[in-house]
Amino acid sequence: MTGQIFANEMKCYFNLRKPKECRPTNINMVTSINHKQVKLATGVKIYPNQWNMKKQEAYISIRLTELDNINNTVVNNKIRELKDCFVEFKEYLCDHPDEIENSVSLLKRYIYKDKMKKENDNNATAWLLREMAHQRNTESNLNIYRGPIQGFEK
């Protein structure tokens, strides 16, 4: 660790990718870690005129259509979820200060944990092992194929 880092001073903000568009635009999560700005995609979009920059949330109003309110509720729920993940990330850094050097990749793991979990579940070796288990192969057959599968995985 080269300098002081104050976890309570780490904050995340949500900015629109194209705030002057008339069409829905992506919302990015922006933070600064080790004096380096990090932008992460949230995976949700919003009309710029329905975004409250000061409150960092989407408007929910009777003046909007029901569909807009539903979409904006999805946006607000996702932002709340990402804020919770960011708090978990900061708590982890406080408990494991030796990992501050890897904090950007660590933050990505916390923010994109659901997506990474799905990608890991969808790899070829996991699929192959599941299929073999479904085929009711005997234990000896599973042991025969386990070595080549592990080699393939490496």
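Residues numbered from 1 in each chain as written. Predicted model: local features only at pLDDT ≥ 70, side-chain atom pairs only at ≥ 80, totals over all residues. Heavy atoms only, no water.

Draft legend 1. Looking closely at the state of the cysteines. Taken as a whole, this structure holds zero disulfides when the rule is applied. In this model C85 remains outside any disulfide bridge; the closest cysteine sulfur is found in C12, 10.0 Å from its own. (Disulfide = S-S within 2.5 Å.)

Draft legend 2. Representation of the environment of S61 in the model. Secondary-structure assignment places S61 in the loop between strand 5 (57–58) and helix 1 (66–95). A distance of 3.0 Å separates the side chain of S61 from the backbone nitrogen of R63, its partner in a polar contact. (Helix = DSSP H or I, 4+ residues; strand = E, 2+ residues; numbered from the N terminus. Polar contact = N/O pair within 3.5 Å; in protein donor to acceptor, adjacent residues only side chain to side chain.)

Draft legend 3. A look at a nonpolar patch on the surface. A cluster of nonpolar side chains, namely L67, I70 and V74, defines an oily patch on the protein surface of about 280 Å² accessible area. For V74, the location among the structural elements is in helix 1. In this structure V74 comes out as partly exposed when scored by relative accessible area, which is 45%. (Patch = residues over 30% accessible without salt bridge, like charges linked within 9 Å, V, L, I, M, F, W, Y side chains within 5 Å. Areas by Shrake-Rupley, 256 points an atom, 1.4 Å probe, with all protein chains shown as cover. Salt bridge = Lys/Arg side-chain N within 4 Å of Asp/Glu carboxyl O. Buried < 20%, exposed > 50% of the residue type's maximum accessible area, 1.4 Å probe, protein only.)

Draft legend 4. Representation of the nonpolar core. Ranked by internal contacts, the top residues of the largest apolar core, which has 25 residues, are F14, I27, W51, F89 and L107. Counting only elements with at least two residues in this core, the list comes to strand 1 (12–16), strand 2 (25–33), strand 3 (36–46), helix 1 and helix 2 (103–111). Leave out the neighbours within four places in its chain, and F89 touches M10, I33, S103, L106, L107 and Y110. (Core = buried A, V, L, I, M, F, W, Y, C linked by side-chain atoms within 4.5 Å. Contact = heavy atoms within 4.5 Å.)

Draft legend 5. Molecular detail of the pattern of salt bridges. Following the criterion strictly, the structure yields two salt bridges and no others. Between R23 and E21 there is a salt bridge; the shortest N-O distance is 3.6 Å. On the basis of relative accessibility, which here comes to 59%, the residue R23 falls in the exposed class. A salt bridge links E81 to K78; its shortest N-O distance comes to 3.8 Å.

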